[in-house]
Structures are given as structure tokens and as C-alpha cells.
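Chain by chain, the residues:
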Amino acid sequence: MIGLISATSAGAAARDRLAVAWPDRVRAYDGPVGDAVRRAFAECEQLVCFLATGAVVRLIAPLLGDKARDPGVVCVDEGGRFAVSLVGGHGGGANELAREVGELLGAEPVVTTATDAVDVPGLDTLGLPVEGDVAGVSRALLDGEPVALRAEVDWPLPPLQVGSAGSYTIRLTDQLVERPAEREVVLRPPSLVVGVGASKGAPVEEILGLIESALGDAGLSPACLAELATVDAKAGEPGIVEAAARLGVPLVTHPADELAAVAVPNPSDAPLAAVGTPSVAEAAALARGGELLVPKRKSTASPAMATCAVVRRPGRGRLAVVGLGPGARDLLTPRAKAELRRASVLVGLDQYVDQIRDLLRPGTRILQSGLGAEEERARTAVEEARKGRAVALIGSGDAGVYAMASPALAEASDDIDVIGVPGVTAALAAAAILGAPLGHDHVSISLSDLHTPWEVIERRVRAAAEADIVVTFYNPRSRGRDWQLPKALAILAGHRTPTTPVGVVRNASRPDESSSLTTLGALDPASVDMMTVVTVGNTATRDIAGRMVTPRGYRWQEGQR
């Protein structure tokens, strides 16, 4: 919960704007400001104070304890010009909150955390438990000193300016580490899955003790535990449910027939008779793949009522297929920007890479190529993700519309995570420039026959013409393909009048954007190239005050209801 504190009418107005935007996230505190700050500090994870920073510093100073547990505090000035991350920038999330508040209120976020200020990922913001010399290693990253990455487990990390050697070390491991070495940070990936089997009524202490001893004997860190896994029949077993709750991990269950199909080294007749699978602990741990580190073992109680097994599950690579929009920076979505900053590897067409190069974090590895290498880029992106990396594959417009999503997903299997990030398509950008040509049913058709036979394209154009659907043509004309657009227009002309409005937009949203509104009979195909989108209206589309408009629906004919 975010506590909101204000002292003036201007502050209250800004406070109310946040309350309307975030009805389920915020709570306004009234009364004397000092009392309100103290109550909010004790009750909320974050605070937004519409007060002077000096006043807030004095009010919260006696309340500060541990930066890992204190709430993040953001101050907004009386004029609403700045949102200042005051304390808890990373641990309390104040840096990100300042950006969110700034976006909603039109204020400039002020973030002075060193790593954020120079766009270096904070080691305590990676979403992984971290131990050791965080300040020292972070300072080394900031100062450009050599920092070595020792990745004992593959895991998708954001770009870090690290190498194979250095006087400072970032160690990514699920092994027990009694004490990190000097100048070392230990990152804990959630790589371990513990499969659990239990008799009815098995005590939670017996289950927890078994898990603790299994991890300890194998030299594995409990901080890397991702989940407990068991058979569906044990989904409500109190001891297992409570063990997962105490460990702070989800309980994942699998059907017995699914577990029965998992090859395990130690099957048994007892679970087969009880729940329908020869293995619970080992099979549940291995159900989603991985390396068996601790085979099935029983608790030391007499009689033993619990079994467990431990598996290391490799980190799944992450492939974000990102649509960059039509070209204008303000049409690039916040989600796309976030994915670009998260990726340690960027794959894309060279001209698209140049558009967003300034948004990438230092250390991002860029794999770019020229026109005509779409399948190669898709394969490269998938291969990089399969190595356990965080990859962004970029395309213009929406990545799923005549862009990179299709070839990438054709290459990808279920061994990586794929995230689609939508973008503003060229058709939508052109439509906004022309007016409202897509107000009713519409279709996009690419006239490029490099990958699709012309016979198929022509059949689709005829279908759209006969159905009286607004058509947007992508890839309408190039030096080597100059007859397809006239042919498509002739097909449409067989079903629409020569006065049908046609919108032509080149380089939509870019600095050299140009557009014109003409008619089906007057359009000169020679004025069109590959950077152009051509939108042909239907029989209801009109030129109204120089804008192309297609009505939202068909009017009832007189006398009909």
C-alpha cells in the first residue's frame, strides 16, 4: 500500500489524482502532517509526500531503521514539477515509484541512486536474493573496474559490464556459501525444486527437517528454492501446504498419470498403490525437467512419513519479441522500453537498432544484420535464449504483423519463455494521420510475393473487394515489384467506384512523413514505394473535410427496423 500525505490544497489535488489513478494501491492520510507521516510509515510499503523535502527529512529521520525494511519515500513539490526519490530507492522501490508518479502527474522524476543515474542495473534490483559486498561491487561497476562473473548456474540476467576476470566478483550460484569472499557478491537464482511425498498426517516439522537436511547435505542453499512439488492427491495435505508456506515458495502439484510417465531411479510399489504413481518425490521434482541432485530420501522419523528429492532446474532463457512502433519515439510503448533495458542481448535489423540504441543499457550485446535476413535473425535470437540469456528481438510496428514474431515462434520450442510486446502498427499510424478510415471492418494485405505466391495474394484481394472491406496494403511497390499494386487496385476497382477515397502515407510518424488523400481512380502507383502504406476505403468511406472517414456501422435503410 502507498500512503499519501499532503498539507495544502495543491498537494491535496495532486494526491487525489493519484488516488483516482491507483484506487487499489493508495491510502490517503489526514490530520496533522507529523502524525500522518508516522502512521503511514508504520503501515505502508511506500509513501508519497506532497511536502518540501526538508520537512519530510525531519519527519522521517527518527523513524528510519533498516534500509532493507524501511518504506520507500517520494516527495512531490508544491508546484508538481518534481517527484524526488528521497529514501529507499532500491529496497523500498522509491526510484520506480518516482518515475510512475512523474508519469501520472507530469512531473520530472529525480533519482540520485548512483547505479540508476548512470543506467547500471543495481545488484539489489535483479529480483534475486543477494549477499556480500553489494556496495563495493556496485562501486566497481560504476567506476569501470574489472568485475568477473562466475555463473555456476545459467540464468537470464540484464546487461552487466562484467568479464571473465577481475578483482571484484559476481557469483551466480545455488551452492551454500558460508561467507562471501572479500569483494564478492553472491546472487541466488531460484533454481532448485524439491519434490515431496508424505503419508497422511505427516507433521510439518518432519517435512521441513527432511528438506533442510537434504539441501544441507548436498551443499545447496535454501535461498535458491523455487517451489515444492508433489502429486495432485496431496495438494491439500496440511504438512506439505504448511511447509511451502513457511519456506515462502509455491506448492505445485501434478496428476498421478503424468508423474507415472517420468523416468526415476527409485520407483516404489507403495506410492503406486496409494496415489497411482510409482514415484512422488523424484517424479514431482523432475516433472518439468532438470538434473537430479538428491535422489529420494526418507525422513529419520520412525516410522518415516515423508520423502523428498531435489532437482536443479536450468534457468529458462527469455525471448521478448518487441514491436518498436512506426518510428516516432513517443509511439514506443513503456513496456517495449522496459524490455529493451532488461535484455542482455539485442537482435535486430541494423536500421531498427539505430532507432533505439540510446535506450539500451551499457553492456548490452548487439547482434544486427541487414535487410533480407529475417529467418537468420529469428534463429539467432532463439539460440541466444536457449543459452539462458535475456534476449530482445526487435521489429518495426507490431512484431506480430509482417515482422519478426512469426519466424521467431516458428523456431522456438517450449524450452524458453517467449514474451510478445505489442507495438503500434503502420496501418494504425497511417490511419490516425488520414482520419478514421478503419472505423468498420478492415483487412491488411501484403503485396510482397517474395514469400507468398501471387495467386494467393490475388485471391485475398478479390475476397476483400467482394466483401466490401477497407484494405490496407503493406509492401505495395518496389523497384523489382512494380505491377502488383496496379493489379490489386484494378481488382478493387471492379467492386468500387473511381471516387472511392484512398489514403497514401509514407514514413508514418517519422520526421519525413508525408500523406495525401486521393481516389481509386486518381491514384498514381508510381508515387508509392516500400515505405508507403496505402489504405483503400469501402463503398461507405467518405472524404469529409479532407479526412478519410469510414462510418462505424451501416445505416438502416428507410422502412427497415
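Everything numeric here is computed off the predicted structure, so don't read it as measured data.

Right, let's get into the overall build of the protein chain. Across its full length, the protein chain carries 18 helices and 28 strands. Here the C-alpha coordinates of the protein chain stretch approximately 90 × 70 × 60 Å along the principal axes. When burial is assessed residue by residue, the protein chain has 46% of its 561 residues classed as buried. Split by element, the accessible area of the protein chain, about 26,600 Å² in all, is 51% carbon and sulfur. Here the protein chain contributes 56 positively and 68 negatively charged side chains, and the mean placements of these two sets differ by 2 Å.

Right, let's get into the environment of Ser268. When you line up the elements, Ser268 lands in the loop between helix H9 (256–260) and helix H10 (269–275). Taking relative accessible area as the criterion, Ser268 reaches 21% and is therefore assigned partly exposed. Residues Ser268 and Val280 lie 12 residues apart in sequence; the distance between their C-alpha atoms is 9.3 Å. Within the structure, Ser268 has its side chain in polar contact with the backbone nitrogen of Ala270 (distance 3.3 Å).

Mean pLDDT over the protein chain works out to 90, with 98% of the residues at or above the 70 mark. Below pLDDT 50 for its whole length, residues 556–561 participates in one contact with residues either more than four positions away or in separate chains.

Attention now moves to the nonpolar core. Within the largest apolar cluster, 24 residues are counted, with the highest numbers of intra-cluster contacts made by Val194, Val196, Ile207, Ile211, Leu215, Leu228 and Val310. Every element with two or more residues in this core is listed here: strand E11 (192–198), helix H7 (204–217), strand E12 (225–231), helix H8 (238–247) and strand E15 (306–312). Looking at this core, the element that brings in the most residues is H7, giving seven residues. If sequence neighbours within four positions are ignored, Val196 has contacts with Ile207, Ile211, Leu228, Ala229, Thr230, Ile240, Val280, Ala281, Thr307 and Cys308. Core analysis: the next-biggest nonpolar cluster, separate from the first, contains 21 residues, Ala465, Ala488, Leu523 and Val536 among them.

The subject of this paragraph is the packing of H7 against H8. At a closest axis distance of 8 Å, the pairing of H7 and H8 adopts a crossing angle of 55°. Relative to H8, the element H7 is oriented oblique. In the packing of H7 onto H8, the handedness of the crossing is right-handed. Residues Val204, Glu205, Ile207, Leu208 and Ile211 of H7 form the contact with H8, whose participating residues are Gly239, Ile240, Glu242, Ala243, Arg246 and Leu247. Broken down by class, the residue content of the contact of H7 with H8 amounts to seven nonpolar, one polar and three charged.

What counts, and at which threshold
Residues numbered from 1 in each chain as written. Predicted model: local features only at pLDDT ≥ 70, side-chain atom pairs only at ≥ 80, totals over all residues. Heavy atoms only, no water. Helix = DSSP H or I, 4+ residues; strand = E, 2+ residues; numbered from the N terminus. Buried < 20%, exposed > 50% of the residue type's maximum accessible area, 1.4 Å probe, protein only. Areas by Shrake-Rupley, 256 points an atom, 1.4 Å probe, with all protein chains shown as cover. Lys, Arg positive; Asp, Glu negative; His and termini not counted. Charge placed at Lys NZ, Arg CZ, Asp CG, Glu CD. Polar contact = N/O pair within 3.5 Å; in protein donor to acceptor, adjacent residues only side chain to side chain. pLDDT = per-residue confidence, 0-100. Contact = heavy atoms within 4.5 Å. Core = buried A, V, L, I, M, F, W, Y, C linked by side-chain atoms within 4.5 Å. Axes fitted to C-alpha atoms, helices over the stretch in contact; angles between N-to-C directions. Parallel < 35°, antiparallel > 145°, perpendicular 65-115°, else oblique. Left-handed = near helix turned anticlockwise from the far one by under 90°. Nonpolar A, V, L, I, M, F, W, Y, C, P; charged D, E, K, R; others polar.

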